[in-house]
Amino acid sequence: MPSLLSLLRYRLSRLLPAEVAGSERLKLLTPFRHPLLVSRHRASLIVDRVRLFALLFAVLTPLWGVIDYLAFPFPLWAQLLGMRLLVCLAFFSLLLFYRDQEHMADAYLAMFFLFAIPTLFYVGSHTLLAHYQLTDLPAAVAAGYAFLPFVLMAGLALFPLTLLENLLVGAVLLMAQGIAGYMNWSTLNWPSFVGAFWLLILIAGVTSLACMSQLAYMVALLRRAIRDDLTGVFARNSGQEILQVQWSTSLRNNSALSVAFIDLDHFKQINDRFGHAMGDQALREASQRIQSCMRSSDSLVRWGGEEFLLIMPDTDMTRARQALDRLQRSGLGSRPDGTPLTASIGLAERFYDRIDSSSGLLELADSRMYRAKAAGRNRIQAI
Ligand SMILES: Nc1nc2c(ncn2[C@@H]2O[C@H](COP(=O)(O)OP(=O)(O)OP(=O)(O)O)[C@@H](O)[C@H]2O)c(=O)[nH]1
């Protein structure tokens, strides 16, 4: 029995892409606590997909007018064409003029526009079609208008969304379809409508899986691109991006921003005496120790070989100093000979040091780190 249970657990765990680490799996469920870079890249990917969708719809919507012209009497086809041209204009405007700032709020707004435009068209076209008694080919073409929610639901699969986001959008689409049926907007008869509604629910389920697996691959690829292989903390390139974002945020919110350079002391000796593998182990342990003392909003970056940058948003000099004192007390691990591994730390803060650029803040923290080295190592230099 236990072996059956463990087999089941194993099989279930294999349903998720293997690239996604255990701790990352929760990120597939809700958008909360996504790391800054994941949110930024996800937001810009979603807005790019919205643009792709908008281009596709902007081109296809007026083209369908030819079929309306062949199937429907005048003035129905002309009224529908008028609506289609408006929709085309709205999609082109979304494609050309929507500006995103790599925030999830922008991504949600872009998706809202993308889905609102066809929804308005859906309501408008059904209101119009309801005034005509259509039979044969015109009735068959009119039935096609009922399938727009299916196109939207399936199109959702293009986006890297969490389960919660997907359920919310899916629920709105299902609700809209339900209301359309209740108000008799649908061009389908009741039995066909109910069958179609079930189909829409099934598509919603498949779409959720597609969205989550897209997100899973995005998170995994991003981790590889932005993380340092050895320690798992942010690599230098992503650290520079994070610093830029945090600097802009601190300017916008008029909030504190502290950065600290942490350089391990006499690290070369570990490599020279005990070998590179032991050096690697010491680097991994030190980075874990630093991370365990940080807040979840702080970012740890491996800036160079044995040098780390700690970025602490919303943290003034006093609180940053307290955090680093705590780190020094808890230690950075031990060297292979059992003696403590120490670091020289240079700390700078935007308001306290009256700094007006992110590069100035970095330079000051770096120069203070060198002063900590010169003053005898294993210390924090904050002035
Ligand atoms: N094992 C290992 N060593 C590394 C890695 N990256 C850099 N190093 C080593 O880190 C050492 C840094 O040496 P130094 O710049 O002289 O610094 P230090 O010995 O810590 O001396 P101080 O900073 O002055 O206290 C070099 O021996 C590098 O080879 C790495 O990924 N793994």
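Being a predicted model, the structure only gives us computed values, none of them experimental.

**Topic: the overall build of the chain**
- The secondary structure content of the chain amounts to 14 helices and five strands.
- For the chain, the C-alpha radius of gyration of 28 Å lies well beyond 21 Å, the compact-globule estimate for 383 residues.
- Seen along its three principal axes, the alpha-carbon backbone of the chain occupies a region of about 90 × 60 × 30 Å.
- Considering the chain as a whole, with its 383 residues, one finds that 35% of them fall into the buried category.
- In the chain, once contacts between residues fewer than 6 apart in sequence are set aside, the share between residues at least 24 apart is 73%.

**Quick notes on the confidence of the model for the chain**
- The pLDDT averaged across the chain works out to 90; a share of 96% of its residues lies at or above 70.
- Of the two predicted TM-score estimates for the complex, the pTM is 0.77 and the ipTM is 0.96.

**Quick word on the nonpolar core**
- One finds Ala260, Leu310 and Ile345 to be the most contacted residues of the largest nonpolar core, which totals 80 residues.
- With ten residues, the top contributor of residues to this core is helix α2 (residues 36-63).
- Setting aside its immediate chain neighbours within four residues, Ala260 contacts Leu310, Ala320, Leu324, Ile345, Gly346, Leu347 and Ala365.

**Concerning the UniProt feature "transmembrane region" (unreviewed entry) in the chain**
- Look at the UniProt record and you will see "transmembrane region" (unreviewed entry) annotated at residues 50-71, 77-98, 105-125, 137-159, 166-185 and 197-222.
- Annotated as 95% helix and 0% strand, the span residues 77-98 places its first and last C-alpha atoms 31 Å apart.
- In this annotation, residues 105-125 is assigned 100% helix and 0% strand; the end-to-end C-alpha distance for the span is 30 Å.

**Notes on the UniProt feature "domain: GGDEF" (unreviewed entry) in the chain**
- Those residues carrying the UniProt feature "domain: GGDEF" (unreviewed entry) are residues 255-383 in this numbering.
- The span residues 255-383 is 44% helical and 24% strand by assignment, and the distance between its end C-alpha atoms comes to 20 Å.

**Description of the environment of Ala43**
- By secondary structure assignment, the location of Ala43 is in helix α2.
- Linking Ala43 and Gln101, residues 58 residues apart in sequence, is a C-alpha distance of 8.6 Å.
- Residues in contact with Ala43, not counting those within four places in the same chain, are Asp100, Glu102, His103, Met104, Asp106 and Ala107.

**Concerning the site of the ligand**
- The local shell around the ligand holds 16 residues, among which Asp265, Phe267, Lys268, Gly279 and Gly305 are the closest.
- Among the elements of the structure, β1 (257-264), α11 (267-274) and α12 (276-293) are those that each provide at least two residues to the shell around the ligand.
- Among the elements that make up the shell around the ligand, the one with the highest residue count is α12 (four residues).

**Quick word on the sheet that holds strand β5 (residues 379-381)**
- Spatially, β2-β3-β1-β4-β5 is the arrangement adopted by the five strands of the open sheet, whose pairing is mixed. Bordering the open sheet on either side are β2 (299-304) and β5, each of which pairs with just one other strand. This sheet shows a mean twist of 20 degrees between the axes of neighbouring strands, independent of strand direction.
- Relative to β5, strand β4 (residues 343-349) is paired through three bridges, and the arrangement is parallel. Note on β5: the bridge partner recorded for Ile345 is Ile380.
- Each of β1, β3 (307-313), β4 and β5 touches helix α13 (residues 317-330); the most contacted strand, β4, lies at about 170 degrees to it.
- Strands β1, β4 and β5 of the sheet are contacted by helix α14 (residues 358-374), whose axis makes an angle of about 145 degrees with β4.

**Focus: unusual backbone geometry**
- The omega angle of the peptide bond from Phe74 to Pro75 is 5 degrees, so this bond is cis rather than trans.
- Turning to its location among the elements, Pro75 is positioned in the loop between α3 (65-71) and α4 (76-97).
- Of note, Arg377 is a non-glycine position whose phi angle comes to about 65 degrees, a positive value.
- Mapping Arg377 onto the fold places it in the loop between α14 and β5.
- Look at Asn378: it is not a glycine, yet its phi comes out positive at around 50 degrees.

About the thresholds
- Residues numbered from 1 in each chain as written.
- Predicted model: local features only at pLDDT ≥ 70, side-chain atom pairs only at ≥ 80, totals over all residues.
- Helix = DSSP H or I, 4+ residues; strand = E, 2+ residues; numbered from the N terminus.
- Rg over C-alpha atoms; globule rule 2.2 N^0.38 Å.
- Buried ≥ 20, exposed ≤ 12 C-beta atoms within 10 Å, placed from the backbone.
- Contact = placed C-beta atoms within 7 Å.
- pLDDT = per-residue confidence, 0-100.
- Core = buried A, V, L, I, M, F, W, Y, C linked by C-beta atoms within 7 Å.
- UniProt positions renumbered as here; feature names shortened; annotations may be inferred.
- Near = placed C-beta within 6 Å.
- Pairing = 2+ DSSP bridges.
- Axes fitted to C-alpha atoms, helices over the stretch in contact; angles between N-to-C directions.

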